[in-house]
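Per-entry structural report
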Amino acid sequence: MLKYSTYQSIYNHEISGGDRNGGKLKEQLHAFQAMFTRRQMVKLLLIVIIMTAGCTGMVRVFAGSPQDEVQMEQIVVSQGDTLWQIARDHKPKDMDTRAYIQIIKKTNHLKSSGIQAGDVLSLPIY
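Every value quoted in this text rests on a predicted model; they were computed, and no experiment measured them.

Another point: the overall build of the protein chain. If you tally the helices and strands in the protein chain, you get five helices and two strands. The order of α-helices and β-strands along the protein chain, N terminus first, is α-α-α-β-α-α-β. Looking at the protein chain residue by residue over its 126 residues, the buried ones come to 14%. Of all intrachain contacts in the protein chain linking residues separated by at least 6 positions in sequence, the fraction that spans at least 24 positions is 53%.

Here the phi dihedral of H109 falls at roughly 55°; this positive angle occurs in a residue that is not glycine. By secondary structure assignment, the location of H109 is in the loop between α5 (97–107) and β2 (120–125).

Counting residues in hydrophobic clusters, the biggest one holds eleven residues: I75, V77, L83, I86, A87, Y100, I101, I104, I115, L121 and L123. Only α4 (83–90), α5 and β2 provide two or more residues apiece to this core.

We now examine the side chain of S122. As for its placement among the helices and strands, S122 is situated in strand β2. Apart from the residues lying within four places of it in its own chain, the contact partners of S122 are M72, E73, Q74, T107 and N108.

This next bit is on a nonpolar patch on the surface. On the surface, F32, M35 and F36 cluster together to form a nonpolar patch covering roughly 290 Å² of accessible area. Take F36: its relative accessible area is 43%, and that puts it in the partly exposed class.

Here we come to the side chain of N108. Mapped onto the elements, N108 comes out in the loop between α5 and β2. Residue classification places N108 among the buried residues on the basis of a relative accessible area of 16%. Only 2.8 Å separates the side chain of N108 from the backbone nitrogen of S122, close enough to count as a polar contact. Residues within four places of N108 in sequence aside, it is in contact with V120, L121 and S122.

What follows is about the environment of S113. By secondary structure assignment, the location of S113 is in the loop between α5 and β2. As a C-alpha pair, S113 and T82 span 31 residues in sequence and 8.1 Å in three-dimensional space. For S113, the contacting residues outside a window of four places in its chain are L83 and K105.

About the thresholds
Residues numbered from 1 in each chain as written. Predicted model: local features only at pLDDT ≥ 70, side-chain atom pairs only at ≥ 80, totals over all residues. Heavy atoms only, no water. Helix = DSSP H or I, 4+ residues; strand = E, 2+ residues; numbered from the N terminus. Buried < 20%, exposed > 50% of the residue type's maximum accessible area, 1.4 Å probe, protein only. Contact = heavy atoms within 4.5 Å. Core = buried A, V, L, I, M, F, W, Y, C linked by side-chain atoms within 4.5 Å. Patch = residues over 30% accessible without salt bridge, like charges linked within 9 Å, V, L, I, M, F, W, Y side chains within 5 Å. Areas by Shrake-Rupley, 256 points an atom, 1.4 Å probe, with all protein chains shown as cover. Salt bridge = Lys/Arg side-chain N within 4 Å of Asp/Glu carboxyl O. Polar contact = N/O pair within 3.5 Å; in protein donor to acceptor, adjacent residues only side chain to side chain.

As structure tokens, this is what we get:
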């Protein structure tokens, strides 16, 4: 039968041989090292969570100010106006008209794209 199962076990062999307390001390040392690395891992995990929260804007939600609100322009719908025409005329140049229509509908709590003359719409200004 083999005396040593791994290369490392040859060099980690206790010099004292029959010292039983040395084996317990070694086990306690390994347990302490394992606990220490767990603490380090927990600290590292907390740091990563905090940094992720800060980078994703979660902090901004709690630290938001009234200046962060989007300004609104109110228009009165004229005879023959459609939501598509209004969105096309008032949207930012780099925004898709369909996306701006969805924003208008959400802002004004519209369930459909049907609007009538005399309706007042709030349009976000970007």
